Amino acid sequence: MEIEFPRRLLVIVASALAVLALILVGLAVSPRDADGHPLLLSPQRRAILHYLKWCGDWTDRLADLEGRLDGLMPARANPQPAPSPGDLYRRAQQAEEALRTATALQLEAERAAVPPPMVGVHNLVTAAAQAHTAWAEAVVAYVGAPSPEGATALTDLRQAAVDALTRLQEVLNDDGNAD
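Predicted model, so just to flag it, every value in this text is computed and none were measured.

So, on to the side chain of glutamate 66. As for its position among the elements, glutamate 66 is in helix α2 (residues 43–72). Of the side chains bearing the opposite charge, arginine 158 lies closest to the buried glutamate 66, which forms no salt bridge; the N-O distance is 5.5 Å. A polar contact of 3.1 Å, which involves the side chain of glutamate 66, links it to the side chain of histidine 132. The contact partners of glutamate 66, leaving out residues within four places of it in the chain, are His132, Trp135, Ala161, Val162 and Leu165.

Attention shifts here to the environment of alanine 92. Within the secondary structure, alanine 92 is located in helix α3 (residues 85–111). Between the C-alpha atoms of alanine 92 and proline 6, which are 86 residues apart in sequence, the distance is 80 Å.

Tallied over the entire structure, the rule returns seven salt bridges. Arginine 61 is the partner of glutamate 108 in a salt bridge, and the nearest nitrogen-oxygen pair spans 3.1 Å. Highlighted residues: glutamate 108 in helix α3 and arginine 61 in helix α2, separated in sequence by 47 residues. Classification of glutamate 108 by relative accessible area gives partly exposed; the value is 35%. When its relative accessible area of 27% is taken as the criterion, arginine 61 is described as partly exposed.

A few words on the packing of α2 against helix α4 (residues 119–144). It is at 11 Å that the axes of α2 and α4 come closest, and there the two elements cross at 20°. Between α2 and α4, the angle is such that the two are roughly parallel. With respect to the hand of their crossing, α2 and α4 are arranged in left-handed fashion. Of the residues in α4, those touching α2 at Tyr51, Cys55, Trp58, Leu62, Leu65, Glu66, Leu69, Asp70 and Leu72 are Val121, His122, Val125, Ala128, Ala129, His132, Trp135, Ala136 and Val139. By residue class, the composition of the contact of α2 with α4 is 14 nonpolar, two polar and two charged.

Rules of the game
Residues numbered from 1 in each chain as written. Predicted model: local features only at pLDDT ≥ 70, side-chain atom pairs only at ≥ 80, totals over all residues. Heavy atoms only, no water. Helix = DSSP H or I, 4+ residues; strand = E, 2+ residues; numbered from the N terminus. Buried < 20%, exposed > 50% of the residue type's maximum accessible area, 1.4 Å probe, protein only. Lys, Arg positive; Asp, Glu negative; His and termini not counted. Salt bridge = Lys/Arg side-chain N within 4 Å of Asp/Glu carboxyl O. Polar contact = N/O pair within 3.5 Å; in protein donor to acceptor, adjacent residues only side chain to side chain. Contact = heavy atoms within 4.5 Å. Axes fitted to C-alpha atoms, helices over the stretch in contact; angles between N-to-C directions. Parallel < 35°, antiparallel > 145°, perpendicular 65-115°, else oblique. Left-handed = near helix turned anticlockwise from the far one by under 90°. Nonpolar A, V, L, I, M, F, W, Y, C, P; charged D, E, K, R; others polar.

Structure (structure tokens):
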């Protein structure tokens, strides 16, 4: 006994399955907003979301750099050189690595393609990166030649860098809540 299906029925079933598969794939990969609704991404909106992703990455890297630089800051009570040459060498290497990281991050941020609506955020990113680079440069100088004046300058540069990063994080968090 043979069962025959009309060719037209097979085409209809195959087409329906293909459309269903496309719908499921579309639902699975569509970007969503905070409420879970699908977003229609225009080229400009896509560029903005991509740039905001970069900003989040830069902010995380600046926060990590901040922790590393804090570890190289002098103790408030005793701004003296490292107790041994080996310790001085290790601290100098750490300071130089932090400076390389800060410089690379600053260049990366400055060279990024910025969507026009994100120019204000970009200014905050570059200001925070520049403040961290200045702090890292001062840490390198201080590790090599500690002084009370250098310790005071480090404290001021640290505060400027922390304030710049905090302001950037506030703006990015406010922007994320506005959508």
